[in-house]
Amino acid sequence: MHYFWTGLLGLVALTWVITSVRAVRGMSSLPRLSQVNPAPDDDCPTVSILVAARDEAEKLPAALATLLAQNYPRYEVIAVNDRSNDPTGQILDEFARTHKNLKVIHLTELPPGWLGKPHALTTAFKQATGDWLVFTDADVHFAPDVLRRTVALVQERHWDHLTAMAFIELKGFWEKTVVTFFALGFILSLEPWQVSNPRSRHYMGMGAFQLLRRSTYEAVGTHRRLAMDVVDDVKLGKLVKQAGFRSGVALSEERIRLRWQDGVGNIIRGLTKNSFAFHGYNPGVTLFLVVAVLALHVLPLVAVVFTSGLTRALAVVGTLTVMLFHAHTAYHSRVSPLYGLTNPLGAVLTGYIMLRSMVVTLWRGGVVWRDTFYPLEDLRKGMV
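The text that follows walks through the structure, step by step, so that each part is easy to find. (Residues numbered from 1 in each chain as written. Predicted model: local features only at pLDDT ≥ 70, side-chain atom pairs only at ≥ 80, totals over all residues. Heavy atoms only, no water.)

**A few points about empty space enclosed by the protein**
The criterion, for reference: Cavities and pockets are defined on a 1 Å grid built over the protein atoms alone: a cavity is a set of grid points where a 1.4 Å probe fits but cannot escape, while a pocket is an open set with protein on both sides within 12 Å along at least five of seven lines, and lining residues are those with an atom within 4 Å of any such point. Grid points are joined across faces, edges and corners, and a volume is the space filled by probe spheres set on the points. Where helices and strands are cited, they refer to DSSP runs of H or I of at least four residues and of E of at least two residues respectively, numbered from the N terminus. Amino acid classes used here: Ala, Val, Leu, Ile, Met, Phe, Trp, Tyr, Cys and Pro are nonpolar; Asp, Glu, Lys and Arg are charged; the rest, including Gly, are polar.
Summed over the entire model, instances satisfying the criterion amount to two cavities of 30 Å³ or more. Estimates place the volume of the largest cavity at around 60 Å³. In this structure, the largest cavity is lined by K117, L121, F135, T136, D137, M206, G207, Q210, H223, D232, D233 and L236. When contributions to the lining of the largest cavity are tallied by element, the ones reaching two or more residues are α4 (116-127), β4 (132-137) and α8 (232-242). Looking at the lining of the largest cavity, its residues break down into four nonpolar, four polar and four charged. Estimated volume of the second largest cavity: approximately 30 Å³. Every residue lining the second largest cavity is listed: V51, L60, A63, L64, L67, D137 and A138. The element best represented in the lining of the second largest cavity is helix α2 (residues 60-67), accounting for four residues. Across the lining of the second largest cavity, the residue classes tally to six nonpolar, no polar and one charged.

**Some thoughts on the nonpolar core**
Convention followed: Only buried residues count toward a nonpolar core, which is a set of Ala, Val, Leu, Ile, Met, Phe, Trp, Tyr and Cys residues joined through side-chain atoms within 4.5 Å. Think of it in three bands: with a 1.4 Å probe and only protein chains considered, a residue is buried below 20% of the maximum accessible area for its type, exposed above 50%, and partly exposed in between. Contacts: residue pairs with any heavy atoms within 4.5 Å of one another.
Judged by nonpolar contacts, the single largest core of 43 residues is most densely connected at V47, I49, L64, V77, F142, F209 and I256. Sorting elements by how many residues they give to this core places helix α5 (residues 146-157) first, with six residues. Not counting residues up to four positions away in its chain, the partners in contact with I49 are L67, Y75, E76, V77, I78, V134, T136, F142 and L147. Judged by nonpolar contacts, the second largest core, of 20 residues, contains A52, A128, Y217 and L226.

**A look at the side chain of D160**
Locating D160 in the fold gives a position in the loop between α5 and β6 (161-165). With sequence-adjacent residues up to four places away left out, D160 is seen in contact with W132, L211, L212, R213, T216, F245 and R246.

Shown next, in the form of structure tokens:
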């Protein structure tokens, strides 16, 4: 038994050393918007920003103001009020009265066979005139030069699709613990630096910002292909990559930012909808990942306390390496590197979120999103 634990912890330590070095090098290779020269007027194609909003009255005004303040010569914003029960629609209409480049669409019903967000974005696309499309959320803030810099980047790299990793504003211990761990897992699972490699199967998409050539969006089937896919933002990147188009990822730093969720309770509730969907609604995959997360992040620390000799030394290497990697991730999220020490706690909370998402979804027999219930059978059929 002693040899088993020594071998296992040795494998964990080796895994973290190799993975951490590879991830740090990979992330450092991604382009940063601050290093991209903004496109001059003559190199600025027409752009349509598409945004779906439901019950976003609190965050919408500040975010929408930034979308309408782009120093870009030819662009429009198409905002869809998706069956809101708060003043979201009124706010959009007030902005439209003073901004000629804002089009507002009000939806009152959701057709069968659609999730609310994909349907709203499809509706917005039907009104779009731009050669390039930006998909974003109603709580995301853009710096004034975001369009110029992202357009310049896709032209420079000859990309058809760009995902910009947004900066998330975090408050309080628990938010920072969970989200920095989530960011670490996001980086390791999606490997953003591999997305631009045509030989790699890795793909990526984020709801905060995706810039997509109109012809590419039409070629992959638009959001009609994602009508019943809960993680539509990630899967949009998958459609682009699988169709053979060029895709890439950039770090926005703080040029694209959002306040994702207020408090760890809302983070847990939000991820309850997405986590099981991200695992393909497969209980076996979820249980395997929970065990893997605990083995990689918690086991080494426990072994430091309860083992000795070579076994403990290997556990120390594994623990320190993953905490340093977590600290590096936290630092680039504008969070104290000391949050690297919270890595095992973040792992336990993430394992809980994954299990909670699975149990709640199976118990309900589906997912509740934007006040609408979607049966699990329909969601599984609609996965891309």
